[in-house]
Amino acid sequence: ANCKRESDRLALCSYHLCGQLLGGDVGSTVMFCNPPGTGELALDQDFLQTIHYPMLADEWPRTASIMEAGIAIVLKRLSICMSHVKAGEVVISVHRGELTAKNRSLIAKIRASNPTLISWNNVPDYFRPSEFFSLCKALSVPGLTLHRVCSMNWIQTCFGSHILDYPQEQRKQFVIEGANLMRE
């Protein structure tokens, strides 16, 4: 994407400087708020990265800026999601807890919900493969649960997320463990 139009450049600058998306006087109260202990803000990412580029390219010419195009797409998606919730087709239940192998009650609660899909957005980045695959198995209902896994490119900023971060003598064992887990 390029930002040849002045309206695109101004909208992106406003968003990156104050976090403002949907108008208002003060900017986003959450974009730059980071609770203690949650790590650093990822200032090199924004909501436009959540949108499939062909969708953005299709919507962009009908709006005043790339930001308005992104907002329109997100609002359409939210509207579709809300209609599914209103129709009773989606059930949302929020639970708070730390998902570890030791938290058997949380694992049991999740498994008892008979999950058809578990989405692991960036979660694998914080576990060793053996720990992660053990959790997947513990949460799964055989023949029912599908796991969706995605990982960001943490290898540039998080030590231990790339095999080359470990001593050479450990690397072969990591590969063998990972291969064995995938076969199970």
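Residues numbered from 1 in each chain as written. Predicted model: local features only at pLDDT ≥ 70, side-chain atom pairs only at ≥ 80, totals over all residues. Heavy atoms only, no water.

Now for the packing of aromatic side chains. Considering all chains together, one arrives at 2 aromatic pairs under this definition. Seen from their ring centres, tryptophan 120 and phenylalanine 132 are 4.9 Å apart, and the 80° between their planes marks the pair as edge-to-face. Here phenylalanine 132 lies in helix α5 (residues 129–139) and tryptophan 120 lies in strand β1 (residues 117–121), a separation of 12 residues in the sequence. When its relative accessible area of 3% is taken as the criterion, tryptophan 120 is described as buried. Ring plane angle 65° and centroid distance 5.6 Å describe the contact between phenylalanine 132 and phenylalanine 133, whose orientation is recorded as edge-to-face. Take phenylalanine 133: its relative accessible area is 28%, and that puts it in the partly exposed class. (Phe/Tyr/Trp six-rings, centres within 6.5 Å; stacked < 30°, edge-to-face > 60°. Helix = DSSP H or I, 4+ residues; strand = E, 2+ residues; numbered from the N terminus. Buried < 20%, exposed > 50% of the residue type's maximum accessible area, 1.4 Å probe, protein only.)

Given a rise of 1.5 Å per residue, 13 residues ought to cover 18 Å, and the 18 Å separating the end C-alpha atoms of helix α1 (residues 6–18) matches this to within 8%. Regarding α1, the residues found buried are Asp8, Ala11, Leu12 and Tyr15. The buried residues of α1 all sit within an arc of 95° when viewed along its axis, so they share a single face. More than 90 degrees from the buried face of α1, the exposed residues found are Glu6, Leu10 and Leu17. Against α3 (66–86) lie the buried residues of α1. Looking at the residues trailing α1, positive phi occurs at glycine 19, about 75°. (Expected span 1.5 Å × (residues − 1). Arc of directions from axis to C-beta. Contact = heavy atoms within 4.5 Å.)

Under the counting rule described, the total for this entry stands at 5 salt bridges. Note that arginine 5 and aspartate 8 form a salt bridge whose closest N and O atoms lie 2.9 Å from each other. The salt bridge partner of arginine 62 is glutamate 59, with a shortest N-O separation of 3.1 Å. On the basis of relative accessibility, which here comes to 9%, the residue glutamate 59 falls in the buried class. (Salt bridge = Lys/Arg side-chain N within 4 Å of Asp/Glu carboxyl O.)

Quick look at the confidence of the model for the protein chain now. This prediction gives the protein chain a mean pLDDT of 80; 78% of its residues lie at or above 70. Model confidence for the protein chain, summarised as mean pLDDT per element, is weakest for α1 at 78 and strongest for helix α4 (residues 104–112) at 94. (pLDDT = per-residue confidence, 0-100.)

Turning next to a nonpolar patch on the surface. On the surface, a nonpolar cluster with roughly 370 Å² of combined accessible area is contributed by Val85, Val90, Ile92 and Val94. Here valine 90 is to be found in the loop between α3 and α4. (Patch = residues over 30% accessible without salt bridge, like charges linked within 9 Å, V, L, I, M, F, W, Y side chains within 5 Å. Areas by Shrake-Rupley, 256 points an atom, 1.4 Å probe, with all protein chains shown as cover.)

Attention shifts here to the side chain of aspartate 8. Tracing the sequence through the fold places aspartate 8 in helix α1. You can call aspartate 8 buried: its relative accessible area is 1%. A distance of 3.1 Å separates a polar atom in the side chain of aspartate 8 from a polar atom in the side chain of tryptophan 60. Contact partners of aspartate 8, with chain neighbours within four places excluded, come to Cys3, Trp60, Ala64, Ser65 and Ile66. (Polar contact = N/O pair within 3.5 Å; in protein donor to acceptor, adjacent residues only side chain to side chain.)

Quick look at the pairing of strand β2 (residues 146–150) now. As defined by bridge partners, β1 adjoins β2 across 5 bridges and the pair is classed as parallel. Across the sheet, the residue bridging to leucine 117 is leucine 146, located in β2. Where the polypeptide runs from β1 across α5 and back to β2, its parallel neighbour, the crossover connection is right-handed. (Pairing = 2+ DSSP bridges. Right-handed = clockwise from strand over helix to strand, strands pointing away.)

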